[in-house]
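Inside the fold
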Amino acid sequence: MFGFMETADLAVVGLYFVLVLSIGFFVMWKSNRSTVSGYFLAGRSMTWVAIGASLFVSNIGSEHFIGLAGSGAASGFAVGAWEFNAMLLLQVLGWVFVPVYIRSGVYTMPEYLSKRYGGSRIKIYFAFLSLLLYVFTKLSVDLYAGALFIRASLGWDLYLSIIILIGLTAVLTVTGGLVAVIYTDVMQAILMIGGALTLMVVGMVKVGGFEELKRRYMLASPNVTAIISSFNLSSTNTCHIHPKEDSLKMLREPTDEDVPWPGFLFGQTPASGWYWCADQVIVQRVLAAKNIAHAKGATLMAGFLKLLPMFIIVIPGMISRILFTDEVVCINPEHCMQVCGSSAGCSNIAYPRLVLGILPAGLRGLMMAVMIAALMSDLDSIFNSASTIFTLDIYKHLRKAASSRELMVVGRLFVIFMVGISIAWVPIIVEMQGGQMYLYIQEVADYLTPPVAAVFLLGIFWKRCNEQGAFYGGLLGSMLGIIRLILAFVYQVPDCDQPDTRPSFIRNIHYMYVATILFWSTIITAVVVSLLTPALPKEYTRSTTFWALKDLDNIKSSQADESNKLENRTVSECNGSTTCTDKSDCNRKDTDGIELVLLMPGSDDSKSLCSPSNIEALTTNDGYLNGQTSVDQETKEEPQLERSKWWKFFDCICGLKNYDVTNTVAINTVEDERICREMLQESPRIKILLNIGLAVVLSSGISMFIYFSL
């Protein structure tokens, strides 16, 4: 549409694909993908550098390069407020939420809600809501944004481009699990930042520096007379062709249509809190950390990286408006349709137009690879996290006796199902019109996520909140949000040259103020219902709230008591049928170095630091074959079932192993809780360094808000 890719560009893109797939398949063979923890949480073995990079690229998808730059072109600095806000919320994740999640011993966010409040209805409700949010605010927008760039660059068929990209991403996710996702994200973070910085520098040189950028942006209005004559437009009406007077301010007046500061602080911040502190895509990466120090280090690193989008995405969008004003700023719907195929506006083409307009051959290919990196990293994050939620929160609820092997197969099959849903959604994506894609994402999210954020905050900080309060508060907020979302689709914003006949409560109330109402109405309802109904038993709050982190000394003593009790038990007391003459025989190691202990039901002790059912390498059901359990290798062995070559090939690709019962890793409550307790411990020196980093990140984020808002 705007240019073409030369041989050098295509060679760079091809090299990128080779590197990504090579890393993915290398990790496929080396990593432990055959267990729940190995596939979904990378075996909890990742370092802060890998997780921090993965957090950044999981968030910065193609919708950022298209939508964030587009909003920068259309309205200036305002959209950068989300990025600086994320810097602060990431630290809330690392210092408040993640310690609670680790102590609770959970894989998924719906699972946390179930442990905190009890019951299953709130868990199932949130699981389905999360999957819907992935489709409507993540998957669909990512595909549309990626396809827009590819069509502009290569002229490929839209559907073919999307299907190829989805297929490659799904192969990477299915084979490698979270380990492959995180390691490829590290490479893609380097590629993404390097390519985007290159474009920013070239663009800044073109416009003459930052101060000249601000001056020329305020003068970047299209030549209406030349456009009407060259495009043979039947309508001479114009709308939204001049930059807004407050384009160079971030937080704006309470009545601003983009970022009103009261709505952003009290409505958008809680909604963003759901994404950064309770969304599976983000939290799953931090839960893969070796310990809490690596988790906090990862959020610090991601916080520093979130300084970049303002400069490498938003500002290039503004540069694109300066250099290509007559295309990025279309004068009316008729002109917009001819330029970019969208009557709502053409600001979304700002970033690809800049790439194809100012970069030489080779560098265009690098930026093409950056866009593909953004798209694939976002897609593989969604696929992996969605399969985690479906497998562990929905499927396992329906089939409580499912083995680890079955859960692994179901998780991978659900990725394939998500691929099918993605492709089926393509026609709807093509029809989706929006002048500013990024603000569309935020509006939809603000109607659905504030009630969820309220439920999580109450669960973390208020012990008295019970299941009835959380459920009915969340239900009320969600119903109001869904009604408002439906009304937003029924009463759509008219074309800019048409009168706005929408009802005043839709036309005049900003979606951030709606988010504020949803958030606080959920909290008030939950508080009232909780106070009117019986409190939860203490075991639901002893290991699932922020205040529980203050009781580590009491927990250590309780663990010591439990350890002494278990040491005094014989094997016959634990199993009821097998005996050992020496306690050490019950914990012997097999030839592979795997500790063998008796299968015991998970402890429901309210003082447990972590739920053992979520920390073990294999689920309890892996110790069973045809409904029987065996421990004594010398007295009983189960025959290995003959499997066809096709099944063996499937196992090899998916990383599934045929565990016989002699290699079963069973639940060891004391050991699991000891490991989890160690994950929450920090050395004094590391703690001081992390707190210094926290102070630097928080002060940097607040300083950015002040600088760009004055």
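Everything numeric here is computed off the predicted structure, so don't read it as measured data. (Residues numbered from 1 in each chain as written. Predicted model: local features only at pLDDT ≥ 70, side-chain atom pairs only at ≥ 80, totals over all residues. Heavy atoms only, no water.)

**Topic: the overall build of the protein**
Put simply, the rule reads: Secondary structure elements follow DSSP: runs of H or I of four or more residues count as helices, runs of E of two or more count as strands, with numbering from the N terminus. Throughout, a residue-residue contact means that at least one pair of heavy atoms, one from each residue, lies within 4.5 Å. Using the Shrake-Rupley algorithm and a 1.4 Å probe, accessible areas are obtained, with residue cover drawn only from the displayed protein chains.
If you tally the helices and strands in the protein, you get 30 helices and two strands. In the protein, 85% of the contacts between residues at least 6 apart in sequence involve partners at least 24 apart. Split by element, the accessible area of the protein, about 28300 Å² in all, is 62% carbon and sulfur.

**With respect to the pattern of salt bridges**
Quick reminder of the rule: Salt bridges, as used here, are contacts in which a Lys or Arg side-chain nitrogen is within 4 Å of a carboxyl oxygen on Asp or Glu.
Applying the stated criterion to the full structure yields 15 salt bridges. Among the ionic pairs, Lys214 bridges to Glu211, the shortest N-O distance being 3.4 Å. Note that Lys214 and Glu211 are positioned in helix H9 (residues 210-217) at a spacing of three residues, about one turn of the helix. Residues joined by salt bridges that share partners form a network here, namely Lys244, Asp246, Arg252, Asp256, Glu257 and Asp258.

**Describing the packing of aromatic side chains**
Which entries qualify depends on this criterion: Pairing of aromatic side chains requires ring centres within 6.5 Å, counting the rings of Phe and Tyr and the six-membered ring of Trp. Pairs whose planes differ by under 30 degrees are stacked, by over 60 edge-to-face, and all others tilted. For every residue, the accessible area (1.4 Å probe, protein chains only) is compared with the maximum for its type, and the residue is labelled buried under 20%, exposed over 50%, or partly exposed between those bounds. Ring-over charges, as used throughout, are those where CZ of Arg or NZ of Lys falls within 6 Å of the ring centre and within 35 degrees of the ring normal.
A complete count under the given rule lists 22 aromatic pairs for this structure. An angle of 50 degrees between the planes, with centres 5.8 Å apart, marks the rings of Phe461 and Phe546 as tilted. Here Phe461 is found in helix H21 (residues 450-461), whereas its partner Phe546 is found in the loop between helix H24 (511-532) and helix H25 (552-567), with 85 residues between them in sequence. Between Phe471 and Tyr472, the ring centres sit 5.4 Å apart and the planes meet at 80 degrees, which makes this aromatic pair edge-to-face. Accessibility expressed as a relative area gives 16% for Phe471, which makes it buried. Judged by its relative accessible area of 40%, Tyr472 falls in the partly exposed class. An aromatic cluster is defined as three or more aromatic residues linked by ring pairs; in this entry it consists of Phe77, Trp82, Phe84, Phe210, Phe264, Phe311, Phe705, Tyr707 and Phe708. Its end group placed over the ring of Tyr217, Arg321 keeps NZ or CZ at 5.4 Å from the ring centre.

**Thoughts on unusual backbone geometry**
At Asn232, a residue that is not glycine, the phi angle is positive and equals roughly 50 degrees. Within the secondary structure layout, Asn232 lies in the loop between helix H10 (224-231) and helix H11 (261-278). Its identity is not glycine, yet His240 carries a phi of approximately 55 degrees, on the positive side. Summarising the element assignment, His240 is placed in the loop between H10 and H11.

**Looking at empty space enclosed by the protein**
Short version of the rule: Buried and open spaces are told apart on a 1 Å grid over the protein atoms alone, a cavity being a set of points where a 1.4 Å probe fits but cannot get out and a pocket being an open set with protein on both sides within 12 Å along at least five of seven lines. Residues with an atom within 4 Å of a point are the lining residues. Grid points are joined across faces, edges and corners, and a volume is the space filled by probe spheres set on the points. Residues are grouped as follows: Ala, Val, Leu, Ile, Met, Phe, Trp, Tyr, Cys and Pro are nonpolar; Asp, Glu, Lys and Arg are charged; every other residue, Gly included, is polar.
Counted by the stated rule, this structure contains three cavities of 30 Å³ or more. When its volume is computed, the largest cavity comes out at roughly 400 Å³. Lining of the largest cavity is provided by 26 residues; of these, Asn59, Lys138, Tyr275, Ile441 and Gln442 occupy positions nearest its centre. Listing elements by their share of the lining of the largest cavity, those giving two or more residues are helix H3 (48-59), helix H4 (62-75), helix H5 (81-104), helix H7 (121-154), H11, helix H18 (363-398) and helix H20 (437-448). Broken down by element, the residue count for the lining of the largest cavity peaks at six residues, all from H11. Partitioning the lining of the largest cavity into residue classes produces twelve nonpolar, eight polar and six charged. Looking at the lining of the second largest cavity, the elements with two or more residues in it are H7, H21 and helix H22 (467-490). Here the lining of the second largest cavity gets four residues from one element, more than from any other, and that element is H22.

**Quick word on the confidence of the model for the protein**
Under the convention used in this document: Predictor confidence is given residue by residue as pLDDT, running from a minimum of 0 to a maximum of 100.
Considering every residue of the protein, the mean pLDDT works out to 77; 74% of them sit at 70 or more. Contacts from residues 32-43, a stretch scored under 50 in pLDDT, to residues over four places away or in other chains number 66 contacts. Segment residues 569-641: pLDDT under 50, and 143 contacts once partners within four positions in sequence are set aside and those in other chains are kept.

**A short note on the packing of H11 against H24**
Which entries qualify depends on this criterion: Whenever a helix is involved, its axis is fitted only over the stretch in contact; in every case the axis is a line through C-alpha atoms, and angles between N-to-C directions fall within 0 to 180 degrees. Any angle that is under 35 degrees is reported as roughly parallel, and any over 145 degrees as roughly antiparallel; angles of 65 to 115 degrees are reported as roughly perpendicular and all others as oblique. Less than a right angle of anticlockwise turn of the near helix away from the far helix marks a crossing as left-handed, whereas a clockwise turn marks it as right-handed.
Two numbers describe how H11 lies on H24: the axes approach to 8 Å, and their chain directions differ by 55 degrees. The orientation of H11 with respect to H24, classified from their angle, is oblique. In this structure, H11 crosses over H24, and the sense of that crossing is left-handed. Of H24, the residues touching H11 (which contributes Pro262, Gly263, Phe264, Phe266, Gly267, Gln268 and Pro270) are Tyr511, Met512, Tyr513, Ala515, Thr516, Phe519 and Trp520. For the contact of H11 with H24, a count of residues per class yields ten nonpolar, four polar and no charged.

**Section: a nonpolar patch on the surface**
Keep this limit in mind: Patch building starts from residues that exceed 30% relative accessible area and form no salt bridge, then joins like charges within 9 Å and nonpolar side chains (Val, Leu, Ile, Met, Phe, Trp, Tyr) within 5 Å.
A surface patch of nonpolar side chains, amounting to about 750 Å² of accessible area, comprises Trp261, Leu265, Phe266, Trp520, Ile524, Val528 and Leu532. Looking at the nonpolar patch, the elements with two or more residues in it are H11 and H24. At four residues, the largest contribution of residues to the nonpolar patch is made by H24. Given a relative accessible area of 43%, Trp520 falls into the partly exposed group.

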